[in-house]
Amino acid sequence: MKRFSQLFSEIDRTNRTNEKVAALVSYFNEAEAADAAWALYFLTEKRLSRPVTGRQLLQWASEASGFDPWLLEECYDRVGDFAETVALLVSEGDKILDEPLSRMVEEYILPLTDMGESSKRSIIVDTWMQLRKTERLLFMKMITGGFRMGVARTLVVRALAESCGVDKAILSHRLMGAWQPDAEGFQRIVSTNTSDDLGALPYPFYLAYPWEPEKEESFDVSEYRIEWKWDGIRSQLIKREGEVALWSRGEELITDQFPELLLAAASLPNGLVLDGEIVAWSGGEVMPFGELQSRLGRKRVGAALMQAIPVAFVTYDLLEVEGDDLRTVELDRRIKKLSELIPPQQLGARIFTVPELKASSWGNVSKWREKAADFKTEGVMIKRRSSAYGVGRKKGDWFKWKVDPFTIDAVLVYAQQGHGRRASLYTDYTFAVWDGKELVPVAKAYSGLTDKEIRKVDAFIKKNTTGRKGPVRMVKPELVFELAFEGIRVSSRHRSGVAFRFPRISRFRTDKPIEEADTLETICALLPPQAISQPTRMNQLELFPDAG
Amino acid sequence: MALLTLTTKGLYCEAGDFFIDPWESVERAVITHAHSDHARPGMKAYLTAMSGKGVLHERVGATAKIEGIPFGQTVEMGGVKVSLHPAGHLLGSSQVRVEHKGEIWVFSGDYKTQPDPSCEAFELVRCNTFITESTFGLPIYQWDDSRVLYREVEDWWRANQVLGRTSVLFAYALGKAQRVLAGVDPEVGPILVHGSVNRFLPHYEAAGMPLAKAEYATPELIKQHKGRCLLIAPSSVQGTTWLKRFQPCSLAFASGWMTVRGNRRRQALDRGFVLSDHVDWPSLMETIKATGAESIGVTHGYADVVVRYLKEQGNEAWVLKTEFEGESIQEVDSREENAE
């Protein structure tokens, strides 16, 4: 693990991209395939299933360090990273382990899953005491997941490409799916033989840039195809050799979450890849994204749930047909082929196409966008008719033009320290609005402030703490912020009765006194009408992850 | 009766009618050390350790009325015996021992027990009541041997020289900067310092502290040595056009806060060297015990945590809410600017 730990330190010690890549390249060049496999696994932010609970780790760290759990939590509060806290508090003994990364994972970590609590404890505690600080940190990261080393995935792929000489796109393609983190799996990833690279893997998703309306003059509207921007889960539906797979943009295989789509795809021809959006779809229209969320992350999808929240796959691009990669073919021609294969929307259809939005001027496009809310979409997509299906994001081909987000003014009431780069600064905020004379918390938001503003707010919080509950500080209500969010829905899990989608801080309203913050009443007026008329039903479906 | 009490102006000894490190103007101020949260201008009369007189004048003004006394010498103030004892924080930094009617109190000021050739070594003073700082009063803070750190600084410096980069080390202008100069090997290359560091150097020289030769970074010297020198400067210069003259640079910070990765990464630093002029957790606990104090006051830093811990260990401990800052990352900049 020494070499891996050295890599970690090298990456950690520089802010220069080139140096990070160089460190990665020399690691991939030098490491044994079995170790490189695990390094790659963690660097691409894959996680092992967690063999122990946070509570157990806290208890054991307390015993190993001799400090009470409350003191550990105080330390964690300042460090902002539990793995690092343990690395700092537990000290090594005289005997130091020197195992390669692969052995560390395969013999010390993977077997934990099938062990009883006391064996887990003794292995973990012994290992802590036989590792140096950085190795201890890495060991903890591997156990607890959330492995972020300060290096973006694209850099890892770039370094790997440089090291093995295989094209970056092919590597990202290979890395997308499930691969075995062992010597053989790694050899396959870096193999220069690219003949049978397809399998069940999706293509890298092509992404859109935000549209800048002030620059519309430099684009010819007739060269662009206008579509709705669907409010769902961007996915690729793949059918090869009789097998159907659904991949989300987060590179997750989500086939099992949507049995009805799997069934609907049975009649599709082989050697097909569709790009599109999974949406909650009922009575010929899209349902709010919150509904779709409740279909996610479930072990079993029951018939009742499928009936309550039916889904559909709206497809708008064809990437592969009869096994041929169409990505370099022009968009218009891809769509023409798509329409020959997939029918337009009709009653009962699960997989369908939708017509383009006709627009002869940018003014027309803007009108469509204004109507987005009526069609329950997020806005419009603007795609160059001649565009190929690229990799990542390329300026000039695909744009998204979303509807302006909703905004409210809310008061900062609770704060918590951030993680990673922002550990030890108060950056996680809870905001409240007026309900009569009382401030009720409505949303949590983390992002949106500049570093300078963060420091200012942090200093305010530290001086104006009125109480504490664990890591959360209650703050004197004084600061007002404008929050932007994408949607709002009824929620019985929130004290305020509403939950926001993607709340973020849009402005620090230093000009506003707290009396001018919004009221719950004005916020409820933003709720979509059907949500108000069906609160009971919404409440029964309290399955969402906390939207706050 | 409490020998030292907290007033709105600062820590006060009623029996002797004097203040220790007050934050508002008073008649008589005993000053532990010349950092700006402890030494403020505007006092009618100052009393401090003899070797700290020069740096205190730098902080509160050349015309301030400052009396210096040797460490260990007792001064009587209204029937109270006052003496100063080395705190090991920086040149002339002291703990204040106050004795009245057989009762002994010690106020630690800022202190460290680690060896530091740039200042007088910490002296343990036995007492009935010990008021200690707690800037790094969490068990995550455990300092490594500083000699190991100096070797790491030198390795970093050499590696930068190979790449033609200036090694920029951010450090407190008073104390930390000089400690680094007393620790690193000047054979590695030229050392330049920022003006706010430079102004304290003559006082260290006068006190006979063995610092490496360092020169004030004039435009000519910058041109001559950039790319291979070590520059010691306060962190407030980060992002200034002045610092741009040294480009290309590698940026590092010498501070106890560098223990936590997030603190370093947030400031976009390449390296963080864990070098602190305050006590770490183990030394804090050891020192408290060794003073033999039956009552322990805890101030600036993690006072709440330390007090709770001490109580759980069966000690009598209490929080003293002062306005001292210890070594705060956020306030570093403003303080260093004040020092300019």
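The coordinates are above.
Since the model is a prediction, treat every value here as computed from it, not as a measurement.

Draft legend 1. A look at the overall build of chain B. In terms of helices and strands, chain B carries 11 helices and 19 strands. For chain B, with 340 residues in total, the buried portion stands at 63%. Put simply, 61% of the contacts in chain B that link residues at least 6 apart link residues at least 24 apart.

Draft legend 2. Local environment of unusual backbone geometry. All names here are of chain B. Of note, the amide linkage connecting Q247 to P248 takes the cis form, showing an omega dihedral of -5°. Structurally, P248 is set in the loop between α7 (241-244) and β16 (249-254). For K101, which is not glycine, the phi dihedral falls at a positive 50°. Following the sequence through the fold, K101 ends up in the loop between β9 (94-100) and β10 (103-107).

Draft legend 3. Just the interface of chain B and chain A, in detail. Each side of the interface is counted separately: chain B has 24 residues, and chain A has 30 residues. Summed over both partners, the interface of chain B with chain A comes to about 2,600 Å²; 49% of that surface belongs to carbon and sulfur atoms. Three residues, B:I140, B:R261 and B:R266, lead the burial of chain B against chain A; their summed loss comes to 25% of the area buried on that side. The interface formed by chain B and chain A holds 4 salt bridges in total.

Draft legend 4. Focus on the pairing of strand β11 (residues 129-134) of chain B. Residue and element names in this part refer to chain B. Of all 6 residues that make up β11, 6 are buried, and the element is covered over most of its length. Of the two faces of β11, the one holding T129, I131 and E133 and the one holding F130, T132 and S134 are both buried throughout. As paired strands, β10 and β11 are joined by 3 bridges and run parallel to one another. The residue bridging F107 from the neighbouring strand is I131, located in β11. Note that β11 and strand β18 (residues 295-301) share 5 bridges and pair parallel. Within β18, the position partnered with S134 by the bridge is G301.

Draft legend 5. View of helix α8 (residues 117-129) of chain A. Here α8(A) contains 13 residues, and its C-alpha end-to-end distance of 18 Å stays within 8% of the 18 Å for a straight helix at 1.5 Å per residue. At its buried positions, α8(A) is contacted by α4 (54-65), α6 (82-89), α7 (101-109) and α9 (133-144) of chain A.

Draft legend 6. Structural view of the packing of α6(A) against α9(A). Residues and elements named next belong to chain A. It is the contact of α6 with α9, at a shortest axis distance of 8 Å, that shows an interaxial angle of 145°. At the point where α6 passes α9, the crossing takes the right-handed sense. From α6, F82, A83, E84, V86, A87 and L88 reach across to α9, where they touch K133, R136, L137, M140 and K141. Across the contact of α6 with α9, the residue classes tally to 7 nonpolar, no polar and 4 charged.

Draft legend 7. Looking closely at the pairing of strand β19 (residues 316-319) of chain B. Here 4 bridges tie β18(B) to β19(B), and the two strands are oriented parallel to one another. Each bridged residue has a counterpart across the sheet, and for B:G297 the counterpart in β19(B) is B:W318.

Draft legend 8. Region of the structure containing the sheet that holds strand β2 (residues 209-210) of chain A. All names here are of chain A. Strand order across the open sheet formed by 4 strands is β2-β13-β11-β3, with mixed pairing between neighbours. Each edge of the open sheet carries a strand with a single partner, namely β2 and β3 (224-229). Inspection of the sheet shows β3 paired to strand β11 (residues 379-384) by 6 bridges, in the antiparallel sense. From the neighbouring strand, K229 faces β11, where its bridge partner is G379. Lying on the sheet, helix α16 (residues 331-341) is in contact with β3, β11 and β13 (398-402); it crosses β3 at an angle near 55°. The strands that helix α17 (residues 362-370) touches are β3, β11 and β13; relative to β11, the one it contacts most, it runs at about 145°.

Draft legend 9. Fine view of the sheet that holds strand β15 (residues 230-233) of chain B. Residues and elements named next belong to chain B. The sheet built from 6 strands is open, its strands ordered β14-β13-β15-β12-β16-β17 with parallel pairing. The strands lining the two open edges of the sheet, one partner per strand, are β14 (215-216) and β17 (271-273). Direction of pairing for β16 relative to β17: parallel, over a ladder of 3 bridges. By the bridge assignment for β17, A254 is matched with F273. The sheet strands contacting helix α3 (residues 176-183) are β12 (166-170), β13 (191-193), β15 and β16, and the helix crosses β15 at an angle near 155°.

Rules used throughout
Residues numbered from 1 in each chain as written. Chains lettered and ligands numbered in written order. Predicted model: local features only at pLDDT ≥ 70, side-chain atom pairs only at ≥ 80, totals over all residues. Heavy atoms only, no water. Helix = DSSP H or I, 4+ residues; strand = E, 2+ residues; numbered from the N terminus. Buried < 20%, exposed > 50% of the residue type's maximum accessible area, 1.4 Å probe, protein only. Contact = heavy atoms within 4.5 Å. Buried area = accessible area lost by both parts, 1.4 Å probe. Salt bridge = Lys/Arg side-chain N within 4 Å of Asp/Glu carboxyl O. Pairing = 2+ DSSP bridges. Expected span 1.5 Å × (residues − 1). Axes fitted to C-alpha atoms, helices over the stretch in contact; angles between N-to-C directions. Left-handed = near helix turned anticlockwise from the far one by under 90°. Nonpolar A, V, L, I, M, F, W, Y, C, P; charged D, E, K, R; others polar.

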